[in-house]
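Residue strings, one per chain:
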Amino acid sequence: MIDTHSHIYLSEFDEDRAEVVERAKRVGLKKILLPNVDGETIEAMHQLEGQYKGFCHAMMGLHPTSVDHNYRAALDEVKKHLDTRPYIAVGEIGIDLYWDKTFRAEQMEAFEQQIIWAKELNLPIVIHCREAFAEVFEVVEKQMDDKLCGVFHSFTGNIEEARRILGYNNFMIGINGVVTFKNTHLREVVKEVPLNKLVLETDAPYLAPVPKRGRRNEPAYIEKVAETIALVHGKDIEDVKKQTTINAKQLFAV
Ligand SMILES: [Zn+2]
């Protein structure tokens, strides 16, 4: 398996990061992909990647909740890094109107700019979308072309939103612990998404699956996500692991 979205470079893992990586390897994870958040997280992310070469792979991008008055300077920093060295993706980027709508226009502009850079660099985009499907679809569709590819990470939308994404040629849907939650509609939606369009993720340290819900999440818990997808698709868990890994390898070219 590949954990396509994990923030294990954050301080939540400072005490036991080596053991977290060990447990991840033990459940069969072959790679952990690291989405950036903002200027505060770049150094720790790069450091972790260097420590686990070939296992941890960094992305570069500005997270929508980090878009504020200083977003142009923050974008300059992202661009500087993108021009300095290779990354596996531009992420995480997108729009989040759940926490704060103040910078809606700036979030849309930052998102679009980073999509343009991803296309120039032939990189996939990793999209964070929270209460902002209309805005995200608007920007993505404006920039859509044969080249644009990516994943809607931590997807929790409805069936119409899933179908709209499936209508894009080169986009995957990222599923994490939310799919295991008791009262989620997500299992019904995931049922309608073909296995060749799904990738696994944890979004660690957030969104731990049942029965760890509410506690710190870690990559090893990804098994529960694969298990739940297998259940709703009526497939063997090994088939789910295999296909989602193929999908992730193809999308991120790892
Ligand atoms: Zn994230």
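For the structure itself, look to the data block above.
Bear in mind the structure is a predicted one, so any value in this text is a computation, not a measurement. Residue numbers here run from 1 along each chain, matching the order of that chain's written sequence. With the structure being a predicted model, the display of local features is reserved for residues of pLDDT at least 70 and the display and counting of side-chain atom pairs for 80 or more, all residues being used for whole-chain, interface and lining totals. Hydrogens and water molecules were not included; the side-chain quantities draw on all heavy atoms of the structure.

Chemist: Explain the pairing of strand β4 (residues 90-96) here, please?
Modeler: In terms of burial, β4 is a largely internal element, seven of the seven residues being buried. Being paired, for any two strands, means DSSP has found at least two bridges between them. Helix and strand definitions here come from DSSP, where helices need a minimum of 4 consecutive H or I residues and strands a minimum of 2 consecutive E residues; each element is numbered from the N-terminal end. Relative to strand β5 (residues 125-130), β4 runs parallel, the two being bridged by five bridges. Residue V90 lies in a different strand from β5, and its bridge partner there is I125. The handedness of a crossover follows from its direction of travel: if, with the strands pointing away from the viewer, the path from the first strand over the helix to the second runs clockwise, the crossover is right-handed. Read as a crossover between parallel neighbours, the route from β4 over helix α4 (residues 104-120) to β5 is right-handed. Summary of the burial criterion: residues with accessible area below 20% of their type's maximum are buried, those above 50% are exposed, and those between are partly exposed, where the area comes from a 1.4 Å probe applied to protein chains only.

Chemist: Where do I start with the coordination of the zinc ion in this structure?
Modeler: Reference values for coordination geometry: four tetrahedral donors around a metal ideally subtend 109.5 degrees, six octahedral donors ideally subtend 90 or 180 degrees. Listed donors are limited to N, O and S atoms within 2.8 Å of the metal, widened to 3.2 Å for Na, K and Ca; water is not among them, so incomplete-looking sites are possible. Around the zinc ion, the protein contributes the donor atoms H5 (NE2), H7 (NE2), E92 (OE) and D203 (OD), at 2.1 to 2.8 Å from the metal centre. For the zinc ion, the four donor atoms in the first shell make angles of 87 to 179° at the metal, a pattern classed as irregular. Read from N- to C-terminus, the donor residues coordinating the zinc ion fall into the pattern H-x1-H-x84-E-x110-D. Residue H7 is found in the loop between β1 (2-3) and α1 (17-26), and its partner D203 is found in the loop between β8 (198-200) and α8 (222-233); the two are separated by 196 residues along the sequence. The buried category is assigned to H7, whose relative accessible area is 2%. Tetrahedral means four donors with every angle between 85 and 135 degrees, whereas square planar (four donors) and octahedral (six donors) require angles over 155 degrees between opposite donors and between 65 and 115 for all others; sites fitting neither are termed irregular.

Chemist: What am I meant to see in the pattern of salt bridges here?
Modeler: Pairing is possible between side chains that carry opposite charge, provided their charged atoms lie close to one another. The salt bridge definition used is simple: a Lys or Arg side-chain nitrogen within 4 Å of an Asp or Glu carboxyl oxygen. By the definition in use, this model includes 15 salt bridges. Residues E223 and K241 are paired through a salt bridge, measuring 2.6 Å at the closest nitrogen-oxygen approach. Here E223 is found in helix α8, whereas its partner K241 is found in helix α9 (residues 237-252), with 18 residues between them in sequence. Assessed through its relative accessible area of 27%, E223 is described here as partly exposed.

Chemist: Would you mind showing me how to read the packing of helix α3 (residues 71-84) against α4 here?
Modeler: Think of two packed helices as two axes; the pair is described by the angle between the axes and how far apart they sit. α4 packs onto α3 with a crossing angle of 15° between their chain directions and a minimal axis gap of 11 Å. With respect to each other, α3 and α4 are oriented roughly parallel. For the element pair α3 and α4, the recorded crossing hand is right-handed. Of α4, the residues touching α3 (which contributes Y71, R72, L75, V78, K79 and L82) are E106, E109, A110, Q113, Q114 and W117. Residues are grouped as follows: nonpolar covers Ala, Val, Leu, Ile, Met, Phe, Trp, Tyr, Cys and Pro; charged covers Asp, Glu, Lys and Arg; every other residue, Gly included, is treated as polar. Looking at side-chain class alone, the contact of α3 with α4 contains six nonpolar, two polar and four charged residues. Lines fitted to C-alpha atoms define the axes here, with helix axes fitted over just the stretch in contact, and angles between the N-to-C directions of these axes take values from 0 to 180 degrees. What sets the label is the angle itself: under 35 degrees gives roughly parallel, over 145 gives roughly antiparallel, 65 to 115 gives roughly perpendicular, and the rest give oblique. Take the far helix as your reference; a near helix turned counterclockwise from it by less than a right angle gives a left-handed crossing, and one turned clockwise gives a right-handed crossing. Should any heavy atoms of two residues lie within 4.5 Å, those residues are counted as being in contact.

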